[in-house]
There are 2 protein chains.
Amino acid sequence: MSLTESSASEIAQSASLASRRLATLSSDSRNEALTVLHAALSDERDYILQANARDVALATQAAENGELSQSVLKRLDLSRPGKYDDMLQGILSVRDLEDPVGRVTMRTLLDDDLVLERVTCPLGVLLIIFEARPEVIANIAALAIKSANAAILKGGKESTESFIAIAEVISAALSKTEIPIPAVQLVKTRDIVSSLLAQDTLIDLVIPRGSNELVRYVKDNTKIPVLGHADGLCSAYLHSDADVSTAVKVIVDSKTDYPAACNALETLLVHENVLESVLPAVAEALLAKGVSLRCDQASKKALTKTLPPAKAALLQDSVDQDYNTEFLDLVLALKTVPSQALELSAVQSAIAHVNAHSSKHTDIIITTSREVAETFMAGVDSAGVYWNASTRFADGMRYGFGTEVGISTNKIHTRGPVGLEGLTIYKYLIRGQGHVAADYAGLPGSKKWKHQKLDIVP
Amino acid sequence: MSLTESSASEIAQSASLASRRLATLSSDSRNEALTVLHAALSDERDYILQANARDVALATQAAENGELSQSVLKRLDLSRPGKYDDMLQGILSVRDLEDPVGRVTMRTLLDDDLVLERVTCPLGVLLIIFEARPEVIANIAALAIKSANAAILKGGKESTESFIAIAEVISAALSKTEIPIPAVQLVKTRDIVSSLLAQDTLIDLVIPRGSNELVRYVKDNTKIPVLGHADGLCSAYLHSDADVSTAVKVIVDSKTDYPAACNALETLLVHENVLESVLPAVAEALLAKGVSLRCDQASKKALTKTLPPAKAALLQDSVDQDYNTEFLDLVLALKTVPSQALELSAVQSAIAHVNAHSSKHTDIIITTSREVAETFMAGVDSAGVYWNASTRFADGMRYGFGTEVGISTNKIHTRGPVGLEGLTIYKYLIRGQGHVAADYAGLPGSKKWKHQKLDIVP
């Protein structure tokens, strides 16, 4: 075994042991640790900002040499107004959320004095790989402690000095609490990531937070379950009865509120009957916001006929690949949906397109018909399906989860915006008095199961 | 692409399309289909039993040649008394379970006329790989239809004729219902399995039902999530205050009620203080049932001293590997737990042993102390942790789930015995009236989130 591998297994092993201790700590102990962590990061602000300044200085040079983008530089700088305070406040916000661990979600009387309980518990060990933003380490440490999971953290190399300083402060703070120090471990070298991804017996979940490339790399290189979405290819379907002002508002917001977000709109499906009635107003509003429209033949023809020539001149022709592309930019692919095709109604064709092309993130329908909306919501296989509401609502804070661990396009465990609950699983507890299975063998004279649902309040 | 691959992708593609249609069918449609399926299998009993008889004839020959075990032969035979009727009854039992799909599990008022709902929905496409027992195909078809999932089925080669006959009857029955025929597909050739395991964009869950080798093969050869446990290495810890009669009853049942089951006991940890008090009665009862005891030095010494010489002569010495072995037989590994070791109390040492050696299936403690029991239940990271109750209770029917899809030793999605619920996930639906995210930007004059929990009854 190479030095790196042994080291990755040591890290995972100590995290696993720490996770078992964490799992037995009370809610109060974990919350108290977050208070201590908050105080320490507050006290050591100068020390951490000095370390961050060294990262920023190096990154500024790299940006000047054209080796680093201005946006990475901007995200790196913890001294920007409000940023450090937001990081501190985030820790207290997480502390004040409901405890996701130890909740009884099922209680069944199997027989007299034999009670089955399902109780939420932490997953165990999380591996979180994220890019430049240095404040994420504090946020993730808080989420892990709150949910009683151990966390192994690997941040982007541009934030190295900031991470080391913050990790030092976190470790020193944890040493004053009941949380075992290896519950939060920082990994500094990039080489170790692939070895950590091989620790599938000790690490329970990987959370990559960053670019699509990062998420894809992680998904392709581990057997550990991954929480994350590589793509957010969201679609909207404009039905034949869509209200014009609803369509304009919702589609413009979905596309332009934050085009680089995973919940931004990328494809607009339009019922052929509204190509010349509803679509032109939507297209004009989008063009006014600087959106490039990549149209199929029918939609281009209709818009060319209905839009002022100067606007129509901006229209582009779509190619097949546009309907599989997450533009993350002010570009939108348009496609016409026939009112009837083969044996499919328009809404069924729209559903089929979405299920074949979208990334199962969030898709919406604009219609005034409840029936059509319900058909679309049942038929589309995505984490979020909305009726007359913007795709941009797909977000943990907006859903009211208090925090967002990530957005999942998986089909198992968690789907869509993930709150603290996504970092938990459950275990079944039985409390008996010497009960044995042989007594319930179904023979004459055997004991009978009661299987009586009990209240879940103790 | 080879012929096999293209065929696997066609199967998965048609299953995926069928799954989308299934997901939109009402509970009544799915239940009605199960009634039709039941009637068809009942009507075609002779046809199916004839096909089964051909399988049995071939298998009998193979058994005579020593190429097949008697137990496989026995499981193959659908004409054994009650077996066919049980299969039929199983379909009706599944039909009569609560619908796992379409249940609202969260409802939040985000703002006026903007409601977020979390609704359970099917996973999509299941791939089920199972061994000889031919009745499983009817059981699985029923579970899939009930939970609105499409199923691709691959059975063991010994049951080929039976499977083909049953699958024919199922397809003919489904053609009279709203269920699309490709919702249940039988795969006949073994070669295709590895190609199906590669269809991770179309298949949502693999359920291997059979030997540990099968489960391990599947887990090692797919990126699709797998529901199943390769091992059931269950442990019991006998604490210093354990009641003798409870210990004897529970441990004998755990070990001997059905030694080949995954929930049978494999390791017994014993507090050093009860080696000569509680353990001898337990050991005698186990020896009387024909259990071989593989003892560490301390437990062997204590038992040699306390048991009658004829019994003591049966004791064996354990080796390290015994504590990592799922014997699935009348063999039990014994290990002594010191009352204090390093800084660990006895229960902490027991927890550490279980977390390091067990397969996270089911582990139990025998103690009269609630406090010690709760420490053990919080500290052991297994799907089931019981106090004074047999490991053998780890079973979907015994838990009151009505059916058991499998037992999961995964840490995400589902854990322990899995009922129909494990074949579902959820989606988030939002119903709005043209709501857009830009209105909630947190600026002066922005709309405010209500985030008000609503009753989940409509």
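Below: a short report on this structure. (Residues numbered from 1 in each chain as written. Chains lettered and ligands numbered in written order. Predicted model: local features only at pLDDT ≥ 70, side-chain atom pairs only at ≥ 80, totals over all residues. Heavy atoms only, no water.)

Quick look at the relation of the copies chain B and chain A now. For the match of chain B to chain A, the screw axis carries a shift of 0.0 Å, the RMSD comes to 0.0 Å, and the turn is 180 degrees. The transformation just described matches what one would write down for a two-fold rotation axis. Every residue of chain B has its C-alpha some distance from the rotation axis, and the shortest such distance is that of H413 of chain B, at 1.9 Å. Of the residues that chain B buries at the interface, 100% are likewise interface residues in chain A, meaning the two copies contact each other through the same surface. (Least-squares fit on C-alpha atoms with pLDDT ≥ 70 in both. Contact = heavy atoms within 4.5 Å.)

Residue and element names in this part refer to chain A. Across the sheet, four strands lie side by side as β5-β4-β3-β6; this open sheet has parallel pairing. Every other strand in the sheet has two partners, leaving β5 (184-187) and β6 (205-209) as the edge strands with one partner each. Adjacent strand axes in the sheet meet at a mean angle of 20 degrees when their direction is disregarded. The strands touched by helix α7 (residues 160-174) are β3 (125-130) and β5; relative to β5, the strand with the most contacts, the crossing angle is about 160 degrees. (Pairing = 2+ DSSP bridges. Helix = DSSP H or I, 4+ residues; strand = E, 2+ residues; numbered from the N terminus. Axes fitted to C-alpha atoms, helices over the stretch in contact; angles between N-to-C directions.)

In spatial order, the strands read β10(A)-β9(A)-β11(A)-β8(A)-β7(A)-β14(A)-β15(A)-β18(B)-β2(B)-β1(B)-β19(B); together these eleven strands make up an open sheet with mixed pairing. This sheet does not close on itself; its edge strands, each paired only once, are β10 (316-317) of chain A together with β19 (452-453) of chain B. Sheet analysis places strand β1 (residues 104-111) of chain B next to β19 of chain B, joined by two bridges and oriented antiparallel. Looking across to β19 of chain B, one finds that T108 of chain B is bridged to K453 of chain B. Sitting on the sheet, helix α10 (residues 244-256) of chain A touches β7 (234-238), β8 (265-271), β11 (331-337), β14 (362-366) and β15 (384-389) of chain A together with β18 (424-435) of chain B, and the angle it makes with β14 of chain A is about 165 degrees. Helix-sheet contacts for helix α14 (residues 346-357) of chain A involve β7, β8, β11 and β14 of chain A, and the interaxial angle to β8 of chain A is about 160 degrees.

For the structure shown, the criterion picks out 18 aromatic pairs over all chains. Arranged with centres 4.9 Å apart and planes meeting at 55 degrees, the rings of Y399 of chain A and Y428 of chain B form a pair that is tilted. Here Y399 of chain A, found in the loop between β15 and β16 (406-408), pairs with Y428 of chain B, found in strand β18, and the two come from separate chains. Relative accessible area serves as the criterion here: at 2%, Y428 of chain B is assigned to the buried category. A centroid spacing of 6.2 Å and a plane angle of 25 degrees characterise the contact between Y237 of chain B and F376 of chain B, whose relative ring orientation is stacked. Of this pair, Y237 of chain B sits in strand β7 (residues 234-238) while F376 of chain B sits in helix α15 (residues 370-379), and the two are 139 residues apart along the sequence. Taken individually, Y237 of chain B and F376 of chain B each receive the classification buried, so the pair is uniform in this respect. Cluster of aromatic residues (ring-pair linked, three or more members): Y399 and F401 of chain A together with Y426 and Y428 of chain B. Lying across the ring of Y323 of chain A, K335 of chain A places its NZ or CZ 4.7 Å from the centre. (Phe/Tyr/Trp six-rings, centres within 6.5 Å; stacked < 30°, edge-to-face > 60°. Buried < 20%, exposed > 50% of the residue type's maximum accessible area, 1.4 Å probe, protein only. Lys NZ or Arg CZ within 6 Å of the ring centre and 35° of its normal.)

What follows concerns the interface of chain B and chain A. With 73 residues of chain B in contact, the opposing surface of chain A contributes 73 residues. For the pair chain B and chain A, the two sides together bury roughly 5900 Å², of which 56% comes from carbon and sulfur. Broken down residue by residue, the surface that chain B buries against chain A is led by F393, I412 and Y428 of chain B, which jointly contribute 11%. At the junction of chain B and chain A, the tally comes to ten salt bridges. Linking chain B to chain A there are 49 residue pairs in polar contact (both at pLDDT 80 or more). Broken down by secondary-structure element, the contributors of at least two residues to the side of chain B that touches chain A are α1 (3-23), β1, β2 (114-122), α9 (212-220), α10 (244-256), α15, β15 (384-389) and β18 of chain B. With eleven residues, β18 of chain B is the largest single contributor of residues to the side of chain B that touches chain A. (Buried area = accessible area lost by both parts, 1.4 Å probe. Salt bridge = Lys/Arg side-chain N within 4 Å of Asp/Glu carboxyl O. Polar contact = N/O pair within 3.5 Å; in protein donor to acceptor, adjacent residues only side chain to side chain.)

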